[in-house]
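# Analysis of the macromolecular model
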Amino acid sequence: MTDKTSNTMWGGRFAAGPDAIMEAINASIGFDQRLAAQDIAGSRAHAAMLGATGILTDTDVEAIREGLLTVLSEIEGGHFAFSTALEDIHMNVESRLKEIIGEPAGRLHTGRSRNDQVATDFKLWVRDQFDAAETGLLALIHALLGQAEAGADWVMPGFTHLQVAQPVTWGHHMMAYVEMFGRDLSRVRDARARMNTSPLGAAALAGTSFPIDRHMTAKALGFDTPAANSLDAVSDRDFALDFLSVASISAMHLSRFAEELVIWSSAQFRFVTLSDRFSTGSSIMPQKKNPDAAELIRAKVGRIFGANVSLMMVMKGLPLTYSKDMQEDKEQVFDAADSWMLAMAAMEGMVKDMTANRESLAAAAATGFSTATDLADWLVRVLGMPFRDAHHVTGTLVALAESKGCDLPDLSLEDMQNVHAKITGDVFDVLGVQNSVRSRMSYGGTAPEQVRTQIKLWKDALS
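So, here's what we can say about the structure. Quantities reported herein were computed from a predicted structural model and do not represent experimental measurements. (Residues numbered from 1 in each chain as written. Predicted model: local features only at pLDDT ≥ 70, side-chain atom pairs only at ≥ 80, totals over all residues. Heavy atoms only, no water.)

### Focus on the nonpolar core
Ranked by internal contacts, the top residues of the largest apolar core, which has 97 residues, are Trp-170, Phe-257, Trp-264, Trp-340 and Met-347. Top contributing element to this core by residue count: helix H11 (residues 238-264), with 15 residues. In this structure Trp-170 touches Gln-147, Gly-151, Trp-154, Met-156, Trp-264, Val-272, Met-354, Ala-356 and Leu-361, once residues within four positions along its chain are discounted. Core analysis: the second largest hydrophobic core is formed by 20 residues, Leu-375, Ala-376, Met-385 and Leu-411 among them. (Core = buried A, V, L, I, M, F, W, Y, C linked by side-chain atoms within 4.5 Å. Buried < 20%, exposed > 50% of the residue type's maximum accessible area, 1.4 Å probe, protein only. Helix = DSSP H or I, 4+ residues; strand = E, 2+ residues; numbered from the N terminus. Contact = heavy atoms within 4.5 Å.)

### Section: the environment of Lys-404
With respect to the helices, strands and loops of the structure, Lys-404 is situated in helix H16 (residues 387-404). Judged by its relative accessible area of 47%, Lys-404 is partly exposed. Not counting chain neighbours up to four residues away, the residues in contact with Lys-404 comprise Leu-411 and Asp-415.

### Details of the packing of helix H4 (residues 36-52) against helix H5 (residues 58-76)
Where H4 contacts H5, the axes come no closer than 9 Å and their chain directions differ by 170°. Between H4 and H5, the interaxial angle falls into the category roughly antiparallel. Contact residues: H4 offers Ala-36, Ala-37, Ile-40, Ser-43, Arg-44, Ala-47, Ala-48 and Gly-51, while H5 offers Asp-58, Val-61, Ile-64, Arg-65, Leu-68, Leu-69, Val-71, Leu-72 and Ile-75. Among the residues making up the contact of H4 with H5, the classes are represented as 12 nonpolar, two polar and three charged. (Axes fitted to C-alpha atoms, helices over the stretch in contact; angles between N-to-C directions. Parallel < 35°, antiparallel > 145°, perpendicular 65-115°, else oblique. Nonpolar A, V, L, I, M, F, W, Y, C, P; charged D, E, K, R; others polar.)

### Describing a nonpolar patch on the surface
A grouping of Leu-205, Leu-231 and Leu-320 is seen on the molecular surface, where their side chains present a nonpolar patch of about 270 Å² in accessible area. By the element assignment, Leu-205 lies in the loop between strand S3 (197-198) and helix H9 (214-220). According to the relative accessible area criterion, Leu-205 is partly exposed, its value standing at 37%. (Patch = residues over 30% accessible without salt bridge, like charges linked within 9 Å, V, L, I, M, F, W, Y side chains within 5 Å. Areas by Shrake-Rupley, 256 points an atom, 1.4 Å probe, with all protein chains shown as cover. Salt bridge = Lys/Arg side-chain N within 4 Å of Asp/Glu carboxyl O.)

Next comes the structure, spelled out in structure tokens:
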């Protein structure tokens, strides 16, 4: 059965319309309709430029402008009938525009191609997602700063290998994630600035003979400048790969934090209590409160990582310029963007709502010989012992405490002097976790004073 609509759009090149299989593999309207607002914005800017340069009459430009606004209204209102036969969002919009305004619709495509059109639409969409990501990251950072400020001097165990290492503060731990998500914010801003060149007017691949003004359309669409090479402009998808790369790193950070929240909210740790808004119960075990939001954040990373790898695989073997392979650039980015935005919002909600259990944190901080390093440092600082010797003496004392079933502060002075005779009672001053964290005054250390300094620096930077 011949598809006359499709044949018309192809300008009579093919004698028969594509069969159902070709139509199915060729069409992208099922997903690229998400670019409708960006497509119409690009077309409006292009039409205005065609009028300003005298390529189109003012009458045609006004008809196109009004018609595009009508199409946008129909799409936003859910009254637009998308057609698979028309392949993509560009042809769907143009076909409907022709139904509304007639002949002037056919002049809209003067001086451009679907190649530069789709690159422009996609760039505009990805740019919007970078802006949304910046908003999400800022909200999450502010939530973390709130937690850090509230618990700047609350002691908790710091871990290496998930084993108790040294006491730190809750505020210091929260600020570690501020640094992580701060780097994500920096990457978002950097990538957005790098991508902000306009492909519009590069046409199919070689530019156009029409006297268009690419600087005018670039400015109208909020780009810094037109893309400098028409071949690169229509074939570049680095901006999408940058987006997926940034999203992947940020999602990894979200997943690391989610993993900690899963562990911390367990009955074995009880470091935090997550709000009911971000937890679920069990269908069979009435006592359960599951950290489902954190677990789902942890799982969504796989989708984002997969999208990044998928688009790299699409692009890796493509010669210049455009190939139909590049139609496979959008679904992964759409899905990754949805997953990243949702994960950020969920994490912000959990952080704002969660309660740190100060008593549990403090009790855990005092276990696992967490002040062993403080003891070794005291031996070096007070007794002048070489650090390696101090390390050995401390290790012997840890083994002694372990054999007695107690922690280092519970050893008697006699016990300690049996290991090293010059140890004095002053050593007990450094074995308390509060004294330990207060002593870590090096820049970026866990001392409450340092934590509050970093909180202020971040607040000042964000304001």
